[in-house]
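# A closer look at the structure
Below are the chains, spelled out letter by letter.
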Amino acid sequence: MLRFTLRRLVSGLVLLVVVATGTFFLAHAAIPDPTVGLLGSAATPHAQQVLAQQLGTDRPLLVQFWDWISHLVVGDLGTSWRNSQTVWSQIALKLPVTLSVVTFAMILSAVFGGLFGVLAGLRPGSIVDRVVKTASVVLFALPGFWVSIVLVIWFAVDLRWFPAVGYTAPTESIGGWLRSITLPAVALALGAIVMIAEQLRNAMITANRQDYARTLRSRGLSTTRVTLHLLRNAAPSSVTVLALMFVGLLSGAIVVEQVFALPGIGALTNGSSQNGDIPILLGITVVTVAFVVVVNFLLDLVLGWLNPKARVQ
């Protein structure tokens, strides 16, 4: 198990370095002259030259990369070109908002996706099964911004159960915080719920047809205990889908946050891309990839616990 864990850690670090390197060069290719966005209407050739010297963007790209990666190794993400604040402080200010929405969406996805998947898997052809199969096609195909707008119209404008826009910090009001993240979380979770339910349904049906399932029933085990055995065998594939959904939810949060006017990572990414604030964009990418690496690492540990064969593979 130790070798299994070390291999996953090393592969995660390699992924982080590769993505960080690729993102650096892609960002500079997409924004060849960030001084234009930073200066705005005040951009003149002289002002751009002065700002480029201050930021160091007049240096060769490889020199800039070495300077950035050497600071990244020691945990320094740099300073924002827009407001001279550290990248860490900017991300730390916005990250709790995004994590609140994504975590709530993950919980909704795991609970309802697991529930519907088990019910559909135990009774193939039932109403629940047909609903899951239909919803997996319809909901997953709907764009996130459209679902967000529909939820706002129904539950915020018409019924007035939730606020249409804005965010309330949990330190101000727990109830207000839950109400402010519910609609964004539901908009993110709908597609993930049906994906997890569909995956778990298929895995449950496959497990239910195995010889051990018939053996368990012939021994007189209750339906609940048989279901738990089936669920453990079907769980690995569903856990994998849940972890992959985390990556999708993080990217989807950028769009959803714009619709609900949430001051999260999505708003920071959008503003930084418009202003040409490359250090912020690179910092967001590094932090996001780090979260993905951690989630995948935990996924591998869970799969190794559920299925010892995965450790060997």
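In what follows, the structure referred to is the one given above.
Residues numbered from 1 in each chain as written. Predicted model: local features only at pLDDT ≥ 70, side-chain atom pairs only at ≥ 80, totals over all residues. Heavy atoms only, no water.

### Quick word on the nonpolar core
- Val-102 and Leu-188 are the most contacted members of the largest nonpolar core, which totals 29 residues.
- Listing elements by their share of this core, those giving two or more residues are α5 (87–122), α7 (144–158), α8 (174–208), α10 (223–259) and α12 (278–306).
- Looking at which element gives the most residues to this core, the answer is α8, with 8 residues.
- Formed by 25 residues, the second largest nonpolar core is a distinct cluster that contains Ala-20, Leu-38, Phe-65 and Leu-72. (Core = buried A, V, L, I, M, F, W, Y, C linked by side-chain atoms within 4.5 Å. Buried < 20%, exposed > 50% of the residue type's maximum accessible area, 1.4 Å probe, protein only. Helix = DSSP H or I, 4+ residues; strand = E, 2+ residues; numbered from the N terminus.)

### Things to note about the packing of α5 against helix α11 (residues 265–275)
- For the pair α5 and α11, the least separation of the axes is 7 Å and the interaxial angle reads 135°. One finds that α5 runs oblique with respect to α11. Residues Gln-90, Ile-91, Lys-94, Leu-95 and Thr-98 of α5 form the contact with α11, whose own contacting residues are Ile-265, Gly-266 and Leu-268.
- Among the residues forming the contact of α5 with α11, the class breakdown is 4 nonpolar, 3 polar and 1 charged. (Axes fitted to C-alpha atoms, helices over the stretch in contact; angles between N-to-C directions. Parallel < 35°, antiparallel > 145°, perpendicular 65-115°, else oblique. Contact = heavy atoms within 4.5 Å. Nonpolar A, V, L, I, M, F, W, Y, C, P; charged D, E, K, R; others polar.)

### Some points on the pattern of salt bridges
- Per the stated rule, a full pass over the model turns up 1 salt bridge.
- The salt bridge partner of Arg-59 is Asp-67, with a shortest N-O separation of 3.8 Å.
- For Asp-67, a relative accessible area of 32% gives the class partly exposed. (Salt bridge = Lys/Arg side-chain N within 4 Å of Asp/Glu carboxyl O.)

### Topic: α11
- Considered for burial, the residues of α11 that qualify are Ile-265, Gly-266, Leu-268, Thr-269 and Ser-272. Buried residues in α11, looked at end-on, bunch into an arc of 160°, giving them a common side. (Arc of directions from axis to C-beta.)

### Some remarks on the packing of α7 against α8
- Relative orientation of the contacting elements α7 and α8 amounts to 135°, with a least axis distance of 9 Å. Accordingly, the angle class assigned to the pair α7 and α8 is oblique. You can see that α7 and α8 cross each other, and the crossing is right-handed. Facing α7, whose interface residues are Val-147, Ser-148, Leu-151, Phe-155 and Ala-156, α8 presents Leu-183, Val-186, Ala-187 and Leu-190.
- For the contact of α7 with α8, a count of residues per class yields 8 nonpolar, 1 polar and no charged. (Left-handed = near helix turned anticlockwise from the far one by under 90°.)

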